[in-house]
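Next come the chains, spelled out residue by residue.
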Amino acid sequence: MKLDHTYILPSIFALIVHVVVAFIVMSEWQSSSQRTPPVQVKQRVEATLIDLDSLLAQQKLVDSAAIKKAADKKAAAKKTATKKAADKKAADKKASDKKAADKKASDKKAAAKKAADKKAADKKAADKKVADKKAADKKAAKKAADKKATNKKAADKKSADKKAADKKAADKKVADKKAAAKKAADKKTADKKAAAKKAADKKASDKKTADKKAAKKVADKKSADKKLADQKAADKKAADKKAADKSAADKSAADKKAADNRADKKLADQKAADKKAAQELAEVEQALESLLDEEEAQTDALEQQITNGQAVGSAVSYIKDEIGDKWVRPANARNGMVVELIIYLVPTGEVVNVEVSYRDSSATDAFVSSVVKAVKKVRRFDKLSQLNSVLFDANFRQFTVKFKPEDLRL
């Protein structure tokens, strides 16, 4: 049988109450017996009827009250525990929410930082990409310009070759035309000579016939007159043909002269075009050469700047080493003292003057004087005489040196 723990405390409490009541009764009884003298009295017995059922009912009420009180206490404890648990749960939830909010804020901040870093990285990459593209475009533009110049040169050469070939063909055509005209003129002359010979032969034959028929002059007079008229007509016809041939020859000569003039004009135009093309090619070549010369000059200037910078740096190191070697540290010199000197030189490297331009508050007179003496002891910076005059005048005719005890090479 399982014991109901809710009745334990009330039972114990009831037992303690009974024990206490019994103890009080016993104590009262003993004290009463000691105080009362043993006198003879008439005994009287007072008795109280105890109702056991009432007592049990009362006890039951007490037990019920104890049970209720325990139950109330338990309920209060449970309620307190529940409230505490709820409060703890609420606190945990609040802490969890705060933690989540903090985490969310942290994540958001990290995300924002990451986004910013990514944005910066993207911008850097984009800037680099733009710079690379710009450099590539510049290189491509230069390459395209070189290619364009090469192509133009090749095209100009091709055009010049074509023009030369066209000129050669035109010259050949003119020569062929001249040869054909000469051949036609020669043929015309030969035909004319043959016609003249034929006419002469015919005239001789006619004369022979006329002489032969002279004897028959009377009989043949009519026939001779007719032949004479025919001969006159033939002569007239030959003269007309000769005049027509002369007119045609004159016209052909005029046409030939006009053709020659046109050919000469075309040749002059071709020469002018060739000259213009050659001039344009020369201008392109000159522009390209100027561009190359300018780029070479820029490269040379940059190399000269680098060389001059190295020479100046080497000379400065040499000057500081020379001053440091000649410097004698005074007894009161301390680290941190600073003095600046203006040194005046001539192109041979000789020191002509030294001035103190700055000294800090800790620099003593002995320290400043020792540095000035060190410069004067050097007297001459021999290696500076090897510099060209422009570089010397720009950097070493008058220059400033800062001197510190702890770092003699500044």
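What you see is a predicted model, and the numbers here were worked out from it, not measured in a lab.

1. So, the overall build of the protein chain
Secondary structure summary: the protein chain contains 5 helices and 3 strands in total. Going residue by residue from the N terminus, the α and β elements of the protein chain occur as α-α-α-β-β-α-α-β. Taken over 410 residues, the protein chain has a buried fraction of 11%. The long-range fraction of contacts in the protein chain, counting pairs at least 24 apart against all pairs at least 6 apart in sequence, stands at 76%. Per element, the accessible surface of the protein chain, about 33,300 Å² overall, is 61% carbon and sulfur.

2. Here we look at the pairing of strand β3 (residues 398-403)
Along a regular strand, successive side chains alternate from one face of the sheet to the other. In β3, alternate side chains face the same way, and those of Phe399, Val401 and Phe403 are buried while those of Gln398, Thr400 and Lys402 on the opposite face are not. Bridge analysis of strand β1 (residues 339-345) against β3 gives 6 bridges, and the strand direction is antiparallel. Residue Val339 lies in a different strand from β3, and its bridge partner there is Phe403.

3. Some words on the sheet that holds β3
Pairing in this open sheet of 3 strands is antiparallel, and the strands run β2-β1-β3 from one edge to the other. The open sheet has two edge strands, β2 (351-359) and β3, and neither has a second partner. Direction aside, neighbouring strands of the sheet carry axes that sit 25° apart on average. Relative to β2, helix α4 (residues 365-378) is tilted by about 155°, and along the sheet it contacts β1, β2 and β3.

4. Re the nonpolar core
Within the largest apolar cluster, 31 residues are counted, with the highest numbers of intra-cluster contacts made by Ile323, Phe367, Phe381, Leu384 and Phe396. Elements that contribute at least two residues to this core include exactly α3 (217-326), β1, β2, α4, α5 (389-395) and β3. Sort the elements by how many residues they give to this core and α4 lands first, with 7 residues. Those residues in contact with Phe367 that sit more than four places away from it in its chain are Trp327, Pro330, Asn332, Ala333, Met337, Val338, Val339, Phe403 and Pro405.

5. Side note on the confidence of the model for the protein chain
A residue-level look at the protein chain finds 88% of positions with pLDDT of 70 or above and a mean pLDDT of 81. Below a pLDDT of 50 lies the segment residues 39-52, which in the model reaches 1 contact outside its immediate sequence neighbourhood of four places, other chains included.

6. Focus: the packing of aromatic side chains
A full pass over the atoms with the stated rule returns 5 aromatic pairs. With a centroid separation of 6.2 Å and an interplanar angle of 90°, the aromatic rings of Trp327 and Phe367 are classed as edge-to-face. Residue Trp327 is located in the loop between α3 and β1, and its partner Phe367 is located in helix α4; the two are separated by 40 residues in the primary sequence. What makes Trp327 buried here is its relative accessible area of 9%. Relative accessible area serves as the criterion here: at 0%, Phe367 is assigned to the buried category.

7. Overview of α4
Under the 1.5 Å per step criterion, the end-to-end length of α4 is 20 Å for 14 residues, consistent within 8% with the ideal 20 Å. Phe367, Val368, Ser370, Val371, Val372, Ala374, Val375 and Val378 are the residues of α4 that are buried. Looking at the residues trailing α4, positive phi occurs at Arg379, about 65°.

8. Here's the deal with the pairing of β2
Where β1 lies against β2, 7 bridges are found, and the strand directions are antiparallel. Residue Tyr344 lies in a different strand from β2, and its bridge partner there is Asn353. Connecting the antiparallel pair β1 and β2 is a turn made up of 5 residues, with Gly349 showing a positive phi of about 95°.

9. Notes on the environment of Ser385
Here Ser385 lies in the loop between α4 and α5. Residues Ser385 and Val346, 39 residues apart in the sequence, show an inter-C-alpha distance of 8.8 Å. Among residues more than four places away in sequence, those in contact with Ser385 are Pro347 and Thr348. One polar contact links the side chain of Ser385 to the main-chain carbonyl oxygen of Asp382, over a distance of 2.6 Å.

10. Let's talk about a nonpolar patch on the surface
Side chains of Ile8, Ile12, Ile16, Val20, Phe23 and Ile24 sit close together on the surface and give an oily, nonpolar patch of about 550 Å² of accessible area. Counting through the fold element by element, Ile8 comes out in helix α1 (residues 8-35).

11. A short note on the pattern of salt bridges
Within this structure, the stated rule accounts for 27 salt bridges. Lys133 is paired through a salt bridge with Asp137; the nearest N and O atoms lie 3.0 Å apart. One end of the pair, Lys133, and the other, Asp137, are both in helix α2 (residues 52-212), 4 residues apart, so they sit about a helical turn from each other. In this structure Asp137 comes out as partly exposed when scored by relative accessible area, which is 38%. Between Asp176 and Lys172 there is a salt bridge, with the nearest N and O atoms lying 3.1 Å from each other. Linking Asp176 with Lys172, this pair stays in helix α2, spanning 4 residues, or about one helical turn. What makes Asp176 partly exposed here is its relative accessible area of 41%.

12. Side note on a negative patch on the surface
Negative charge collects at one region of the surface, where Glu285, Glu289, Asp293, Glu294, Glu295, Glu296, Asp300 and Glu303 lie side by side. On the basis of relative accessibility, which here comes to 41%, the residue Asp293 falls in the partly exposed class.

13. Examining the side chain of Asp360
Examined against the element boundaries, Asp360 turns out to sit in the loop between β2 and α4. Put simply, Asp360 is tucked away with no salt bridge, and the nearest opposite charge, on Arg359, sits 6.6 Å away. Within polar-contact distance, the side chain of Asp360 engages the side chain of Ser362 at 2.8 Å. In contact with Asp360, other than residues within four places in its own chain, are Gly336, Met337 and Val338.

Rules and cut-offs
- Residues numbered from 1 in each chain as written.
- Predicted model: local features only at pLDDT ≥ 70, side-chain atom pairs only at ≥ 80, totals over all residues.
- Heavy atoms only, no water.
- Helix = DSSP H or I, 4+ residues; strand = E, 2+ residues; numbered from the N terminus.
- Buried < 20%, exposed > 50% of the residue type's maximum accessible area, 1.4 Å probe, protein only.
- Contact = heavy atoms within 4.5 Å.
- Areas by Shrake-Rupley, 256 points an atom, 1.4 Å probe, with all protein chains shown as cover.
- Pairing = 2+ DSSP bridges.
- Axes fitted to C-alpha atoms, helices over the stretch in contact; angles between N-to-C directions.
- Core = buried A, V, L, I, M, F, W, Y, C linked by side-chain atoms within 4.5 Å.
- pLDDT = per-residue confidence, 0-100.
- Phe/Tyr/Trp six-rings, centres within 6.5 Å; stacked < 30°, edge-to-face > 60°.
- Expected span 1.5 Å × (residues − 1).
- Polar contact = N/O pair within 3.5 Å; in protein donor to acceptor, adjacent residues only side chain to side chain.
- Patch = residues over 30% accessible without salt bridge, like charges linked within 9 Å, V, L, I, M, F, W, Y side chains within 5 Å.
- Salt bridge = Lys/Arg side-chain N within 4 Å of Asp/Glu carboxyl O.
- Lys, Arg positive; Asp, Glu negative; His and termini not counted.
- Charge placed at Lys NZ, Arg CZ, Asp CG, Glu CD.

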